[in-house]
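An overview of the molecular structure
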Amino acid sequence: MSLAGRRVLVSAGPTYEDIDPVRFLGNRSSGKMGFAVAAAAAARGAQVVLVAGPVHLPTPPGVARVDVRSAAQMHAAVLDALPADVYVGAAAVADYTPRTVAARKLKKRPGADTLALELVRTADILADVAAHPRRPRLVVGFAAETDELEHYARDKLVRKRVDLIAANRVGSADCPFERDDNTLHVFAADGAWTLGPAPKREVAEALLDLIARRLEADPA
Ligand code: CTP
Ligand code: CA
């Protein structure tokens with residue numbers, strides 16, 4: 001199904017939250033799922049902006065890429081890229097970031113066996129996009145869950161006021177991080193779908209089929 005003329009905004013990859021000039025807090029997101037969604041949307045004729053966390057992946061053909069590092073930078077870049085018809089929040093955004101970034105490399109303190117880092121909550125990009133005056137017609141979130149997948153995914157769907165949540169099971173045999181195959185459990189107020197297991201590009205195509213059908217059913 002074509003996405004010609006649609007503006008699709010995708011966020012992908014991890015974020016890195018700096019602790020000092022040489023250390024950061026990150027996560028294991030490879031960015032591959034979000035990049036696959038961006039590539040597939042561009043191939044369907046959409047105008048795609050991809051806000052990418054720190055990953056070494058090639059930019060898909062026809063995609064406008066904005067590189068960011070931290071959750072705060074990703075938040076700003078995503079909101080700056082609005083308006084869009086669709087937002088797909090596939091990034092694994094840090095939930096917490098160090099309260100301060102040390103200007104110099106932190107040194108071990110003699111005799112100190114422990115170190116406490118004070119972290120503060122980051123802004124929720126997905127919820128802010130969904131509540132934005134220029135809200136895209138379709139807001140799609142991802143969710144990484146180790147257990148009670150449907151319960152937590154549906155909770156995010158309602159709490160963040162998004163249209164679709166694509167949930168991944170993590171920390172299990174089918175853990176998607178750093179892999180090329182994936183299974184997505186997609187939830188909406190009016191249904192549920194299982195996409196895959198299949199290569200991430202095929203899963204991305206199936207997700208875009210769902211998205212394109214919803215855009216056509218509800219033309220603005
Ligand atoms: N997300 C976001 N901004 C954040 C945190 C999460 O935009 N600061 C988005 C992710 O891109 C994803 C969705 O929210 O689309 C769900 O992410 P997830 O980590 O599963 O959910 P959280 O709401 O952060 O809840 P928790 O980690 O406590 O399960
Ligand atoms: Ca989170």
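As named in an unreviewed UniProt entry, the protein chain is DNA/pantothenate metabolism flavoprotein C-terminal domain-containing protein, taken from Vulcaniibacterium thermophilum.

Concerning the side chain of His-75
Within the element layout of this structure, His-75 appears in helix 2 (residues 71-80). Contact partners of His-75, with chain neighbours within four places excluded, come to Ala-123, Asp-124, Ile-125 and Asp-128.

Regarding the sheet that holds strand 4 (residues 47-52)
Spatial strand order, 5-4-1-6-9-10-11-12: eight strands in an open sheet with mixed pairing. Only two strands of the sheet have a single partner each, and these edge strands are strand 5 (63-67) and strand 12 (191-199). Taking the axes of each pair of neighbouring strands and ignoring which way they run, one obtains an average angle of 20° across the sheet. Here helix 1 (residues 32-43) sits on the sheet in contact with strand 1 (7-12), strand 4, strand 5, strand 6 (86-89), strand 9 (138-145) and strand 11 (181-188), set at roughly 165° to strand 4. Sitting on the sheet, helix 5 (residues 200-217) touches strand 6, strand 9, strand 10 (164-169), strand 11 and strand 12, and the angle it makes with strand 12 is about 150°.

Remarks on the coordination of the calcium ion (ligand 2)
Ideal values differ by geometry: the angle at a metal is 109.5 degrees with four tetrahedral donors, but 90 or 180 degrees with six octahedral donors. Here the calcium ion (ligand 2) is held by Asp-95 (OD) and Asp-95 (OD), and the distances to it run 2.4 to 2.6 Å. As for its position among the elements, Asp-95 is in the loop between strand 6 and strand 7 (96-98).

Observations regarding the layout of surface pockets
Each pocket or cavity is described by its volume, and for the largest pocket that value is around 990 Å³. Ala-91, Ala-92, Val-93, Asp-95 and Phe-142 are the residues nearest the centre of the largest pocket, which is lined by 37 residues in total. Looking at the lining of the largest pocket, the elements that each hand over two or more residues are helix 1, strand 6, helix 3 (125-130), strand 9 and helix 4 (149-159). Residues that form the lining of the largest pocket fall into these classes: 16 nonpolar, eleven polar and ten charged.

Some words on the side chain of Asp-85
Tracing the backbone shows Asp-85 in the loop between helix 2 and strand 6. Nearest to the buried, unbridged Asp-85 among oppositely charged side chains is Arg-137, at 4.1 Å. When neighbours within four sequence positions are excluded, Asp-85 is seen to be in contact with Gly-5, Arg-6, Arg-7, Pro-136, Arg-137, Leu-138 and Leu-215.

Quick notes on the site of ligand 1
Neighbouring ligand 1 are 16 residues; Gly-89, Leu-126, Phe-142, Lys-156 and Lys-160 lie closest to it. Within the backbone of Ala-123, a nitrogen or oxygen atom sits 2.9 Å from a nitrogen atom of ligand 1. Look at ligand 1: alone it shows 570 Å² of surface, and the protein chains cover 77% of it. If you list the elements that add at least two residues to the shell around ligand 1, you get helix 3 and strand 9. Taken together, the residues that form the shell around ligand 1 break down as nine nonpolar, three polar and four charged.

Criteria and cut-off values
Residues numbered from 1 in each chain as written. Chains lettered and ligands numbered in written order. Predicted model: local features only at pLDDT ≥ 70, side-chain atom pairs only at ≥ 80, totals over all residues. Heavy atoms only, no water. Helix = DSSP H or I, 4+ residues; strand = E, 2+ residues; numbered from the N terminus. Contact = heavy atoms within 4.5 Å. Pairing = 2+ DSSP bridges. Axes fitted to C-alpha atoms, helices over the stretch in contact; angles between N-to-C directions. Donors = N, O, S within 2.8 Å, 3.2 Å for Na, K, Ca; no water. 1 Å grid on protein atoms, 1.4 Å probe; cavity = no way out; pocket = protein on both sides within 12 Å on 5 of 7 lines; lining within 4 Å. Points joined across faces, edges and corners; volume = space filled by probe spheres on them. Nonpolar A, V, L, I, M, F, W, Y, C, P; charged D, E, K, R; others polar. Buried < 20%, exposed > 50% of the residue type's maximum accessible area, 1.4 Å probe, protein only. Lys, Arg positive; Asp, Glu negative; His and termini not counted. Salt bridge = Lys/Arg side-chain N within 4 Å of Asp/Glu carboxyl O. Near = heavy atom within 4 Å. Polar contact = N/O pair within 3.5 Å; in protein donor to acceptor, adjacent residues only side chain to side chain. Areas by Shrake-Rupley, 256 points an atom, 1.4 Å probe, with all protein chains shown as cover.

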